[in-house]
Structure formats: structure tokens, C-alpha cells
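A closer look at the structure
These are the residues of each chain, in order.
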Amino acid sequence: MADPTSVTGDPARPGAALPARASRRVRLARLALLWERVWPALWPPAGIAGLFLILALLDVPALLPGWAHVLLLVAFALAFLAAAVQAARSLAMPAPAAARRRVELASGLAHRPLAALQDRPVGSTGAEERALWAAHQARMRAATERLAVGLPAAGWAKRDPLALRAGLALLLVVAVVAGRNDGSQRLLRAVSPSFAKSGPAAVVALDVWINPPAYTGQPPQLLKADAPTPIAIPTGSALLAQLHGGGGTPRLVIDQAATDFTAIDSVNYRASATLTAGERLAVQLGSRTVAAWPIAIVPDEPPTVAFANPPARSERAALRLEHESADDYGLESVNAVIRRT
């Protein structure tokens, strides 16, 4: 049995080097120990950043008055900075001795063979003592043939005994789904306090209706915020947009052309347009894009008509005209006009 207290010499003078395989396992163990220190230390700053991301994607900061928005940003910034500094102070590279001990425990080794391999005898030794020492080292080296490092543990349970991380992860998923279409705009609003108007009137409610021409036979449609593909709009459709709140005059933007809404009162605005061209429709309020949609203007193709067969005589001696006709929105009737040359 190796007893480091009785056979180890000066700690500043290491003994024999570990075998190559054991040295690799010790290096991996140091990395595992470092991970087990880093991961728990990241929980406080990661939790603060995750909470702010949830609020941003849910567009909560944009609903606050300007002064409250600034206070919220300052509070989150100070909390994140303090947590990051505390995390940085708690990080340090594990000592080789701790890594060796981890490998010994993970491998189920008794008598600490890795530590024994780096021991050296004290004082002068004779032939018998050297032989005994060599046998001892050989036995310790044989014990290190099969070494394990063990999987690193996250260690968040100790830092978060109430399992708040589970609720945070669930809320983050909900927030990502809620802001999947205009997430970048919500993040921009979260870090850009607005002092244009405070209070409930600053909350924006927007409705945009598309009324296709009567000849299409299509019903009006309300544009939704989740339109990943271009919305097909028949040419000549009438657009009607109504916006409530916001604290400023909104603009209707079709490609690069912008038109101001008409104010109905201090908090309600309306805009209308006839859509004949464009690829992007948006409503802007100052530097903020309230909503935007990709659009595709569908032209009205002229109807087609052609003889299926040459004019002929029917069984009752009447003129038979067989034709093929079509239109993109359907046909109501087809008339034939016969004129003398």
C-alpha cells in the first residue's frame, strides 16, 4: 500500500512521469473539472440574459413608458455585469492533483496509484530498497491500465435548487414562438426606449384589410402577422389599414413609396390605397416597423376563347358554334357576334 506521507519527498521535485495513457486521462479530467466549474458559474448571467430575452420577444419593454424602459435596461445591465464578474472570479484551472484524484475515483482505484507513481523515495537506498521500490511502482503502474474520467456533471441543481431554469426554458420557447415573425424588430425595440408617448395609448393595434375587385369573386382578407410566403393579391385590390395608439403618425410603405396615415383622432389613424404593384407592404411608426408582409400582385389576365370545331349545321338546321373559353376568375357568359363582310 502506497503511503505518500512516508515515501514522498520534496513536493517541489516531482517523481517519475505518468505513463502516456494515464497522462491523457489526467488532462481530460482537468477539462472535465473545468467544465464542472464553468457551467454552474454561467447559470446566474445566463438566467438574467434569458429573462431579458423573454421580455424582449414578448415585446414587454416597448409597452413601458420611456423612463421605466430605461430603468429596466439599467437594472438588467447591472445585474448581468455583477453576475458575470462573480462568475469570472469563481473560475480557475483545476490543479493536476485534483485531476489525478478524479481519475482514481472514477476508475475505482484503491491506494491512489497515480499519486504513488509520482512519489519518490526519501534518502539513500540500497539495492534491496530499490528493488522493492521498483516492484511497488510496477504494481501501481499495472493498476492504471484501465482508467476512466467520468462524464462531467452540469451542477446546476446546486446553483438552482428551485429548478427555475425549467420554467425559464419553457417561457423562452413561448417567447420565441410569439416573436418568430418580427423577432429582430422586437429585440430592437427592447433596447431602444421611446419617449414619444407614454401610457396605454402607446400600445399599437393594427388591422389591415385587402378587398379584391368584385370581378374576382374573392372575399376580403385580413392580413395576419405570420405570412412567411408572399401573399397573393389581385391587381386593383383596395387596401384599408387602421391603427390605434403608437404616439405618432404611422406610414404605409409599399416597396419604397411611403404615405402617411390620416388621423381620425389623437390615437386612431387610417390609410387606404389601391394595390397594382409592389413586393413588400409595411406599416411603420417612426423608426419602428409595426408589421410587414411580402406580397405578390396577381395581374388580371384577359379571357381566352377559340373555336373547338369549325362552325357547323345542327340537326335542326341551326348554326352550331363549339368553343373553348377560360378566364383566371371564371366566365359569366360568352357572346358571339356575326357580321357580314
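Please refer to the structure higher up on the page.
Okay, so let's go over this structure.

Quick word on the overall build of the protein chain
The helix and strand inventory of the protein chain stands at nine helices and 14 strands. Burial status across the protein chain gives 29% buried among its 341 residues. In the protein chain, once contacts between residues fewer than 6 apart in sequence are set aside, the share between residues at least 24 apart is 69%.

Points about the pattern of salt bridges
One pass over the structure, following the stated rule, counts two salt bridges. Glu322 is paired through a salt bridge with Arg320; the nearest N and O atoms lie 3.9 Å apart. In this structure Arg320 comes out as partly exposed when scored by relative accessible area, which is 38%.

Quick word on the packing of aromatic side chains
The relation between two aromatic rings is expressed through the spacing of the ring centres and the mutual angle of the planes. As enumerated under the stated definition, the model contains two aromatic pairs in all. With a centroid separation of 5.7 Å and 75° between ring planes, the pair formed by Tyr215 and Tyr329 is classed as edge-to-face. Taken together, the residues span a long stretch of sequence, with Tyr215 in the loop between β1 (205–211) and β2 (221–222) and Tyr329 in the segment after β14 (323–326) at a distance of 114 residues. What makes Tyr215 partly exposed here is its relative accessible area of 40%. Given the relative accessible area of 19%, Tyr329 is considered buried.

Regarding the nonpolar core
Of all hydrophobic cores here, the largest spans 24 residues; its most connected members are Leu239, Leu252, Phe261, Leu281 and Trp293. For this core, the elements supplying multiple residues, two or more each, are β1, β3 (231–234), β4 (237–244), β5 (251–254), β8 (268–275), β9 (280–285) and β10 (288–298).

A word on the sheet that holds β8
What the five strands build is an open sheet, ordered β2-β1-β4-β8-β7; its pairing is antiparallel. The open sheet has two edge strands, β2 and β7 (262–263), and neither has a second partner. Of the strand pairs in this sheet, β1 and β2 are connected by two bridges, and their pairing is antiparallel. Across the sheet, Trp209 pairs through a bridge with Leu222, a residue of β2.

Quick notes on helix α9 (residues 183–190)
Gly183, Arg186, Arg189 and Ala190 are the residues of α9 that are buried. One face of α9 carries all of its buried residues, which in axial projection span an arc of 125°.

What to know about the pairing of strand β6 (residues 257–260)
Direction of pairing for β5 relative to β6: antiparallel, over a ladder of four bridges. Paired with Val253 across the two strands is Ala258, which belongs to β6. The antiparallel pairing of β5 with β6 creates a hairpin that spans two residues between the two strands, and Asp255 there sits at a positive phi of about 60°.

Brief notes about a nonpolar patch on the surface
A cluster of nonpolar side chains, contributed by Leu58, Val60, Leu170 and Val174, occupies part of the molecular surface with about 320 Å² of accessible area. Following the sequence through the fold, Val174 ends up in helix α8 (residues 164–178).

Considering the sheet that holds β6
Overall, mixed pairing links the five strands, which are arranged β3-β10-β9-β5-β6 in an open sheet. If you trace the sheet from one side to the other, it starts and ends with β3 and β6, each paired once. Across the sheet, the mean angle separating the axes of adjacent strands is 30° when strand polarity is ignored. Sheet analysis places β9 next to β10, joined by six bridges and oriented antiparallel. Looking across to β10, one finds that Val283 is bridged to Ala291.

Section: the environment of Ala263
Along the chain, Ala263 turns up in strand β7. Considering only alpha carbons, one finds Ala263 and Thr249, 14 residues apart in sequence, at a separation of 7.5 Å. If near-sequence neighbours (up to four positions away) are discounted, Ala263 is found in contact with Asn268 and Tyr269.

Comments concerning the side chain of Thr216
Mapped onto the fold, Thr216 is located in the loop between β1 and β2. Of the residues examined, Thr216 reaches a relative accessible area of 7% and is grouped as buried. Of note is the side chain of Thr216, whose polar atom sits 2.6 Å from the backbone oxygen of Pro213. Sequence-distant contacts of Thr216, defined by excluding residues within four places in its chain, comprise Pro234 and Tyr329.

About the cut-offs
Residues numbered from 1 in each chain as written. Predicted model: local features only at pLDDT ≥ 70, side-chain atom pairs only at ≥ 80, totals over all residues. Heavy atoms only, no water. Helix = DSSP H or I, 4+ residues; strand = E, 2+ residues; numbered from the N terminus. Buried < 20%, exposed > 50% of the residue type's maximum accessible area, 1.4 Å probe, protein only. Contact = heavy atoms within 4.5 Å. Salt bridge = Lys/Arg side-chain N within 4 Å of Asp/Glu carboxyl O. Phe/Tyr/Trp six-rings, centres within 6.5 Å; stacked < 30°, edge-to-face > 60°. Core = buried A, V, L, I, M, F, W, Y, C linked by side-chain atoms within 4.5 Å. Pairing = 2+ DSSP bridges. Arc of directions from axis to C-beta. Patch = residues over 30% accessible without salt bridge, like charges linked within 9 Å, V, L, I, M, F, W, Y side chains within 5 Å. Areas by Shrake-Rupley, 256 points an atom, 1.4 Å probe, with all protein chains shown as cover. Axes fitted to C-alpha atoms, helices over the stretch in contact; angles between N-to-C directions. Polar contact = N/O pair within 3.5 Å; in protein donor to acceptor, adjacent residues only side chain to side chain.

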